[in-house]
Amino acid sequence: MESTYFKRFRMDTDLSAARCVRPLLPGYRFVAWNDSLLDVHARTKHRSFRAEIDARVFPCLGNLEGCRRLMREIQGKPGFLPEATWLVAWGHAPEDLQWCATIQGIVDKSCGGSIQNVGVVPEHRGRGLGTCLIDQALAGFQRHGLRRASLEVTADNWRAVRLYQRIGFHRTKTVYKVVDAPLQELVVPEACLPSSSFAAIS
Ligand SMILES: CC(C)(COP(=O)(O)OP(=O)(O)OC[C@H]1O[C@@H](n2cnc3c(N)ncnc32)[C@H](O)[C@@H]1OP(=O)(O)O)[C@@H](O)C(=O)NCCC(=O)NCCS
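Once a new chain begins, its residue numbering starts again from 1 and follows that chain's sequence as written. Restriction of local features to residues with pLDDT of at least 70 applies here, the model being predicted, together with a cutoff of 80 or more for giving and counting side-chain atom pairs; totals for whole chains, interfaces and linings are based on all residues.

Comment: elements are numbered from the N terminus, with helices defined as DSSP H or I runs of at least four residues and strands as E runs of at least two. Check the secondary structure of the chain and you find 5 helices and 10 strands. Looking at the chain as a whole, 36% of its 202 residues qualify as buried. The contact criterion used here is simple: two residues whose C-beta atoms, placed from the backbone, lie within 7 Å are in contact. Nonlocal contacts in the chain, meaning residues at least 24 apart in sequence, comprise 73% of its contacts between residues at least 6 apart. Any residue with 12 or fewer other C-beta atoms within 10 Å of its own C-beta is exposed, any with 20 or more is buried, and the rest are partly exposed; the C-beta atoms used are placed from the backbone.

Pasting the structure below:
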């Protein structure tokens, strides 16, 4: 079977200094994690990622069941950190309510904060939600006493790379994610590939 290699950057930021959480634009609000919101996170993740490059890199992001499974895996991790796991909503009344953005954070094996997936649904992008959500997750890591946070991003996802650099993340490593299908077939929803398919290059 043909394989496709996706270049990804590992990025880190220092949490030892005080940071501010930029305020959301009027009308938007943060919603803290509780277990009943797992499916809202999954649906918001799916709407954020389904048409994006990461749905090719991680096919589970391209379908709702895959996003639900991913959310259950994240919630079940020993380091899952509710303080770094947030939604952004717009509106209060049930008829107005829109779920706009999602982020999850875990404590990794080296006791750093690890941002999982940050996603903003297309119609709410460019309004600072991604920036504010990452600020909010980093503040959660800090409250938990963590001194460093990291994430991984697909190199071609220039919008996300630029966002992370602007917030203060620096590239520390390049890795290649191997997807065992030719590029044109990667739109087919499949289960997540095991993490062992990462090949560290430098
Ligand atoms: C990457 C992503 C999370 C960015 O979310 P976002 O809410 O659009 O991000 P922001 O609005 O904070 O920043 C994006 C741009 O809008 C600008 N912006 C910020 N606040 C703004 C505001 N109030 N009004 C207008 N523009 C604003 C920022 O300056 C930024 O500009 P830049 O692209 O030149 O850096 C979003 O595009 C997304 O969900 N993509 C698909 C999923 C994905 O790839 N996630 C990343 C996985 S690693």
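Next comes the rest of the account.
By definition, a nonpolar core groups buried Ala, Val, Leu, Ile, Met, Phe, Trp, Tyr and Cys residues that are joined through C-beta atoms within 7 Å. By size, the foremost hydrophobic cluster in this structure holds 45 residues, and its most contacted members are Leu133 and Ala137. By residue number, the principal contributor to this core is helix α4 (residues 129-143), which donates 7 residues. Discounting residues that sit within four places of it in the chain, alanine 137 has contacts with Ala84, Trp86, Ile103, Gly105 and Ile115.

It is worth spelling out the site of the ligand at this point. Every one of the 22 residues lining the ligand counts as a neighbour, but Val120, Arg125, Gly128, Gly130 and Thr131 are closest to it. Counting only elements with at least two residues in the shell around the ligand, the list comes to α1 (38-49), β7 (119-120), α4 and α5 (158-167). If you tally residues by element for the shell around the ligand, the top one is α5, at 5 residues. In terms of residue class, the shell around the ligand is built from 8 nonpolar, 7 polar and 7 charged. All residues are tested the same way: a C-beta atom is placed from the backbone, and lying within 6 Å of a molecule or strand makes the residue near it. In this count, Pro and Cys sit with the nonpolar residues alongside Ala, Val, Leu, Ile, Met, Phe, Trp and Tyr, while Asp, Glu, Lys and Arg are called charged and the others, Gly among them, polar.

Hydrogen bonds along the backbone pair up the strands of a sheet, which may run parallel or antiparallel. With antiparallel pairing, the 4 strands of this open sheet are ordered in space as β2-β3-β4-β7. Taken across any chain shown, the strands that pair with only one partner, and hence form the sheet edges, are β2 (28-32) and β7. Two strands make a pair as long as DSSP finds a minimum of two bridges between them. In this structure, β2 lies alongside strand β3 (residues 86-90), joined through 5 bridges in antiparallel fashion. From the neighbouring strand, alanine 32 faces β3, where its bridge partner is tryptophan 86. Contacting β3, β4 (98-103) and β7, α1 crosses the sheet at an angle of about 90° to β4. Lines fitted to C-alpha atoms define the axes, with helix axes restricted to the stretch in contact, and inter-axis angles between N-to-C directions lie between 0 and 180 degrees.

Confidence in the prediction for the chain averages 90 pLDDT; 89% of positions are at 70 or higher. Known as pLDDT, the predictor's confidence for each residue is given on a scale from 0 to 100. Note on residues 186-202: pLDDT is under 50 here. Beyond four places in sequence and across chains, it has 31 contacts.

This part takes up unusual backbone geometry. Even without being a glycine, cysteine 111 presents a positive backbone phi close to 65°. With respect to the helices, strands and loops of the structure, cysteine 111 is situated in the loop between β5 (105-107) and β6 (113-115). Since 12 C-beta atoms lie within 10 Å of it, cysteine 111 is described here as exposed.

Among the secondary structure elements, histidine 170 is positioned in strand β9 (residues 170-179). We classify histidine 170 as exposed; it has 12 C-beta atoms within 10 Å. Taking the C-alpha atoms as reference, histidine 170 lies 8.3 Å from arginine 10; in sequence the two are 160 residues apart.

The subject of this paragraph is α4. In an α-helix, one turn spans 3.6 residues, which is why side chains three or four residues apart end up on the same side. Every helix has an expected span of 1.5 Å times one less than the residues it contains. The end-to-end C-alpha distance of α4, which contains 15 residues, comes to 21 Å, matching closely the 21 Å that a straight helix rising 1.5 Å per residue would cover. For α4, every residue scored as buried is listed here: Leu129, Gly130, Cys132, Leu133, Ile134, Gln136, Ala137, Leu138, Gly140 and Phe141. Positive phi appears at glycine 145, one or two residues downstream of α4, with a value of about 85°.

Our focus in this paragraph is the packing of α1 against helix α3 (residues 64-76). Two numbers describe how α1 lies on α3: the axes approach to 8 Å, and their chain directions differ by 130°. On the basis of the axis angle, α1 is oblique to α3. Two packed elements cross with a definite hand, and for α1 against α3 that hand is right-handed. From α1, Leu38, Asp39, His41, Ala42, Arg43, Lys45 and His46 reach across to α3, where they touch Leu64, Cys67, Arg68, Met71, Arg72 and Gln75. Should an angle lie under 35 degrees it is considered roughly parallel, over 145 roughly antiparallel, and from 65 to 115 roughly perpendicular; all remaining angles are considered oblique. By definition, any crossing whose near helix is turned counterclockwise from its far helix by less than a right angle is left-handed, and any crossing with a clockwise turn is right-handed.

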